[in-house]
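Structural characterization, general
The lines below spell out each chain.
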Amino acid sequence: YSSPLWNRAAVELLRVIDPKELSGQEGTQHFIDRVEEVNPSLNAVVIKLYDEALKKAVEADAALKSGKRLGKLHGLPFTIKECLDLIGTPSTLGVMRRKTDIPTQTDAYIDALQQQGGIVLGKTNVAQLLMYFESCNPVYGVTNNPHSPKHTCGGSSGGEGAIIAAGGSPVGVGTDIGGSTRIPAAFCGICSIKPTMSRTTDLTRFIENQTDLSIKSVTGVLGNYAED
């Protein structure tokens, strides 16, 4: 490869995940290794799901060898904001009293991405209660900007912004009501989008009666490249 995998767009990675070029297991392991390299100074990935990710990658490779692609995201590793429900992992929103909050269902958007063959590498840090322009909370601590430890990575999807900018994840999922994907993207030098309000309504369980709000939170995407 002319450039390391971690420096490539997600859409480009999808084109090379193939038995003859790059296996899903190799790609997933590459990003696990990259997270382990950069995360100690960032504290961006706060819940690591490596074993499950590698298991899913092996399954994806087996499916491809038999001639079946699992979906549009076949074998692509990605990360998700900590507040987004994933069975078996806490959704604390940075609040200590929620450390035992283990959901029994996976967020519908994350489930859809997994159904399309995407592989969750881990969950990333947030601003406490998703309300601030930095990602710091008593559960997981502070996430640093990947370009400068003296500066914030932004919030509230700051862990996503930091780990994507550092190449630990090719693309990620966050939430946004007043800038929570766009601010980390701006601070960390990556791309994001806030979808049209009500198009991808945020399903985070701390918001009740979302439909009654005049300004609604949505689920959005962060990536190093606009095409992602």
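Treat the numbers as computed from the prediction; the structure is a model and nothing was measured.

What follows deals with the packing of aromatic side chains. In the structure shown here, the tally under the stated rule is zero aromatic pairs. The ring centre of W6 lies 3.7 Å from the NZ or CZ of R34, which sits over that ring.

Turning our eyes to something else, we now look at the packing of helix α2 (residues 24-42) against helix α3 (residues 50-65). One way to put it is that α2 packs onto α3 with a least axis distance of 7 Å and a crossing angle of 160°. When the interaxial angle is binned, α2 and α3 end up roughly antiparallel. For the crossing formed where α2 meets α3, the hand is right-handed. Residues G24, Q25, T28, Q29, I32, V35 and E36 of α2 form the contact with α3, whose own contacting residues are Y50, A53, L54, A57, V58 and D61.

This part covers a nonpolar patch on the surface. Together, L129, M131 and Y132 give the surface a local cluster of nonpolar side chains, amounting to about 310 Å² of exposed area. For L129, the location among the structural elements is in the loop between β3 (119-124) and β4 (136-137). Take L129: its relative accessible area is 37%, and that puts it in the partly exposed class.

Reading the values: the criteria
Residues numbered from 1 in each chain as written. Predicted model: local features only at pLDDT ≥ 70, side-chain atom pairs only at ≥ 80, totals over all residues. Heavy atoms only, no water. Phe/Tyr/Trp six-rings, centres within 6.5 Å; stacked < 30°, edge-to-face > 60°. Lys NZ or Arg CZ within 6 Å of the ring centre and 35° of its normal. Axes fitted to C-alpha atoms, helices over the stretch in contact; angles between N-to-C directions. Helix = DSSP H or I, 4+ residues; strand = E, 2+ residues; numbered from the N terminus. Parallel < 35°, antiparallel > 145°, perpendicular 65-115°, else oblique. Left-handed = near helix turned anticlockwise from the far one by under 90°. Contact = heavy atoms within 4.5 Å. Patch = residues over 30% accessible without salt bridge, like charges linked within 9 Å, V, L, I, M, F, W, Y side chains within 5 Å. Areas by Shrake-Rupley, 256 points an atom, 1.4 Å probe, with all protein chains shown as cover. Salt bridge = Lys/Arg side-chain N within 4 Å of Asp/Glu carboxyl O. Buried < 20%, exposed > 50% of the residue type's maximum accessible area, 1.4 Å probe, protein only.

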